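Spelled out from the first residue to the last, the chains are:
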Amino acid sequence: MSEKKITTDSGIEIKELYNTPSNMQETPGSFPFTRGVHASMYRDRLWTMRQYAGFSTAEESNKRYHYLLSQGVMGLSVAFDLPTQIGYDSDHAMSEGEVGKVGVAIDSLEDMELLFQGIRLEEVSTSMTINATGFILLALYIALAKKQGANLRKISGTIQNDILKEYAARGTYIYPPQPSMRLITDIFEYCSKEVPKWNTISISGYHIREAGSTAVQELAFTLANGKAYLKAALEKGLDINVFAQRLSFFFNAHNNLFEEVAKFRAARRMWANITKDLGATEPKAQMLRFHTQTGGSTLTAQQPSNNIARVTLQALSAVLGGTQSLHTNGYDEALSLPTATAATLALRTQQIIAFESGVTQTPDPLAGSYFVEELTDRVEAEAQKLMDKIDAMGGAVRAIEQHFMQDEIAHAAYTYNKQIEEGEKIIVGINKFTSVETESAPVLKIDDSIRQVQSDKLAQLRARRDAGKAAACIEKIKQVALTSENLMPYVIDAVENYCTLGEISNALRDVWGEYSG
């Protein structure tokens, strides 16, 4: 517990913990962690303030990272372009028109070296939003850390690596579900031994919500996916008290402030009981730690400055709900990738909440509210009903194969849009309080010439590297993919010999095939 004395602006002392008869039995930092994963929460340590950035080339993204770090960002969060996400090099025909557009293009270790030039990996925490090719990006990060002389036991960060939600909601999968799950458990096993501070998966509700789910569906489907990962790791013989400590979650924050707070509180309680039921006895293996991003789908291209208020409200819900890490969207993201000005304003929003609002001065400040406590219970109960249905189907993988999650999300999205169209749900500037547009926001444009730049770099790389070693590495990956041996050491060896992301992805396509949905 902190010994720091904190007061309001009027000099009234704020206690470190407030309890009421309704929540007297639960304290922050203790099972089932409804009220937070740390006893003092933000009173002693704020959440990690991240800004999601990545566009164009590695060189351009590197400039943005240095700028954000200079402005007070505490961790980097990397966005990758679509070809990188689905395992194509920039010079592949499928990459045309997409290189560098929604994130940075990463084809090889050379690009990774440029992306983090001047940044010591031991000194930053890096989150990478990557799934189907998450194992390759992790291998590239580890290879770069080794080149920097870093202690692998000290590097920290997260790969999203949540393939199940790709099948259910987002679509950037490559391989069928079973070999994809094998890649994930290989990462769990490798990192638990070699990179123990790395969060090996960020189980994502964010994209489930972006696809149109409700808050309850986001919670239920995310935890069901998490349960599937736990069971897959247990079947591989891994110790839940070890690997579960490195799992993290990634939630969306929408505009309904109290429902969002209730969702975050219910998530911690539900996950604590899920892990306990599967054999976890270590408190850190029972804790649900999560990153939050404000709702991209809530941003409007009309009256874009209204998005500043939306992002503030959403960020506040994440903080009141006890997030460990937060990304706030730029107000212009309905129009383009965020400009530097919008990204800075988004970061300032977090800093104002942290240092000026007073909401960080005691843990779980909404605890004991009749509304919030009952809403937490109701959200949990409704989410549990959905999870029970998924369990009856045989778990998340089977539910996805039967299109249960996809159909539920599609129905929720249809209902929500119908409510907006009929005026039952008000979206300011869209179906009420509209105006003739006079407001405009600067737009960040990515030039199509980026593909040629990346293609030229690839041609030079292939001419310069040891072709024999690269070919041998690719052949070895194919061989190991047919066994139960862990693939990660061979993928790391491949990237160190400058095999490209597309070459490694294609090696496994040759063995496992592609999933068609």
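Above this text sits the structure in question.
None of these values were measured; they are calculated from a predicted model.

Participant: How would you explain the packing of helix α4 (residues 134-147) against helix α19 (residues 488-496) if you had to name every residue and give the values?
Facilitator: Taken N-terminus to C-terminus, the directions of α4 and α19 make an angle of 65 degrees; their axes are 9 Å apart at the nearest point. The way α4 lies across α19 gives a crossing that is right-handed. Contacts between α4 and α19 involve Phe135, Ile136, Leu138, Ala139, Leu140, Ile142, Ala143 and Lys146 on the former and, on the latter, Met488, Val491, Ile492, Val495 and Glu496.

Participant: Residue-level account of the environment of Gln350, with values.
Facilitator: Note that Gln350 resides in helix α13 (residues 340-356). By relative accessible area, Gln350 is classed as buried at 0%. C-alpha of Gln350 to C-alpha of Val311: the two residues are 39 residues apart in sequence and 9.6 Å apart in space. The contacts of Gln350, once residues within four sequence positions are left out, are Trp47, Met49, Arg50, Gln51, Leu326, His327 and Thr328.

Participant: With reference to specific residues and values, describe the pairing of strand β4 (residues 75-79).
Facilitator: With five of five residues buried, β4 is to be regarded as a mostly interior element. Sheet topology places β4 next to strand β5 (residues 125-129); four bridges connect them, and they run parallel. Across the sheet, Ala79 pairs through a bridge with Thr129, a residue of β5.

Participant: Tell me about the packing of aromatic side chains, and please be specific about residues and values.
Facilitator: For the coordinates displayed, the defined rule picks out 18 aromatic pairs. A centroid spacing of 6.2 Å and a plane angle of 75 degrees characterise the contact between Phe31 and Phe33, whose relative ring orientation is edge-to-face. The partly exposed category is assigned to Phe31, whose relative accessible area is 32%. In textbook terms, an aromatic cluster arises when at least three aromatic residues are bridged by ring pairs, as seen for Phe249, Phe251, Phe264, Trp271 and Phe290.

Participant: Break down the state of the cysteines for me, with residues and values.
Facilitator: Summed over all chains, the structure comprises zero disulfides. Unpaired in terms of disulfides, Cys191 finds its nearest cysteine sulfur in Cys473, a separation of 19 Å. Overall, the relative accessible area of 1% leaves Cys191 in the buried class. In this model Cys473 remains outside any disulfide bridge; the closest cysteine sulfur is found in Cys499, 4.8 Å from its own. With relative accessibility at 6%, the residue Cys473 sits in the buried group.

Participant: Which residues make up helix α20 (residues 501-512), and what values go with them?
Facilitator: Residue pairs three or four apart in sequence face the same way in an α-helix, which turns once every 3.6 residues. Between the first and last C-alpha of α20 there are 16 Å, a value that for twelve residues agrees with the 16 Å anticipated at 1.5 Å per step. Along α20, the residues classified as buried are Leu501, Gly502, Ile504, Ser505, Ala507, Leu508, Arg509 and Trp512. Lining the buried residues of α20 we find α2 (82-85), α4, α6 (177-194), α18 (467-481) and α19. Within two residues after α20, Gly513 carries a phi angle of roughly 80 degrees, on the positive side.

Participant: Can you lay out the side chain of Thr362 for me, pointing to particular residues and giving the numbers?
Facilitator: Tracing the backbone through its elements, the reader meets Thr362 in the loop between α13 and α14 (370-393). The buried category is assigned to Thr362, whose relative accessible area is 13%. Within the structure, the side chain of Thr362 is placed 3.0 Å from the backbone oxygen of Lys15, a separation counted as a polar contact. Polar contacts involving the side chain of Thr362 include one to the main-chain carbonyl oxygen of Glu16, which spans 3.3 Å.

Participant: How would you explain unusual backbone geometry if you had to name every residue and give the values?
Facilitator: Phe31 connects to Pro32 through a cis peptide bond whose omega is 5 degrees. Summarising the element assignment, Pro32 is placed in the loop between β2 (13-14) and β3 (48-53). With phi around 60 degrees, Asn161 is a residue other than glycine that occupies positive phi space. In this structure, Asn161 sits in the loop between β6 (156-159) and α5 (164-170). The residue Gln303 is not glycine, and still its phi comes out positive at about 45 degrees. As for its position among the elements, Gln303 is in the loop between β10 (290-294) and α12 (306-320).

Participant: Lay out the nonpolar core in plain terms, naming residues and giving numbers.
Facilitator: Ranked by size, the top nonpolar core spans 133 residues in total, and within it Met112, Phe116, Met128, Phe135, Met405 and Ile504 carry the most contacts. Every residue in contact with Met112, bar those within four places of it in the chain, is listed here: Ile106, Met128, Leu137, Leu140, Tyr141 and Leu144.

Participant: Could you give an account of the pattern of salt bridges, naming the residues involved and the relevant values?
Facilitator: Should the charged atoms of two oppositely charged side chains come close, the side chains can pair. Tallied over the entire structure, the rule returns 29 salt bridges. In this structure, the salt-bridge partner of Glu496 is Lys146, at a minimum N-O distance of 2.9 Å. One end of the pair, Glu496, is in helix α19; the other, Lys146, is in helix α4, and 350 residues separate them in sequence. Residue classification places Glu496 among the partly exposed positions, given a relative accessible area of 28%. Take Lys146: its relative accessible area is 41%, and that puts it in the partly exposed class. For Arg209, the salt bridge identified is with Glu260, shortest N-O distance 3.1 Å. With Arg209 in helix α7 (residues 206-210) and Glu260 in helix α10 (residues 257-277), this residue pair connects regions lying 51 residues apart in the sequence. Both residues of the pair, Arg209 and Glu260, belong to the buried class. Via salt bridges that share partners, Asp89, Asp91, Arg462, Arg465 and Glu503 belong to a single interconnected network.

Criteria and cut-off values
- Residues numbered from 1 in each chain as written.
- Predicted model: local features only at pLDDT ≥ 70, side-chain atom pairs only at ≥ 80, totals over all residues.
- Heavy atoms only, no water.
- Axes fitted to C-alpha atoms, helices over the stretch in contact; angles between N-to-C directions.
- Helix = DSSP H or I, 4+ residues; strand = E, 2+ residues; numbered from the N terminus.
- Left-handed = near helix turned anticlockwise from the far one by under 90°.
- Contact = heavy atoms within 4.5 Å.
- Buried < 20%, exposed > 50% of the residue type's maximum accessible area, 1.4 Å probe, protein only.
- Pairing = 2+ DSSP bridges.
- Phe/Tyr/Trp six-rings, centres within 6.5 Å; stacked < 30°, edge-to-face > 60°.
- Disulfide = S-S within 2.5 Å.
- Expected span 1.5 Å × (residues − 1).
- Polar contact = N/O pair within 3.5 Å; in protein donor to acceptor, adjacent residues only side chain to side chain.
- Core = buried A, V, L, I, M, F, W, Y, C linked by side-chain atoms within 4.5 Å.
- Salt bridge = Lys/Arg side-chain N within 4 Å of Asp/Glu carboxyl O.

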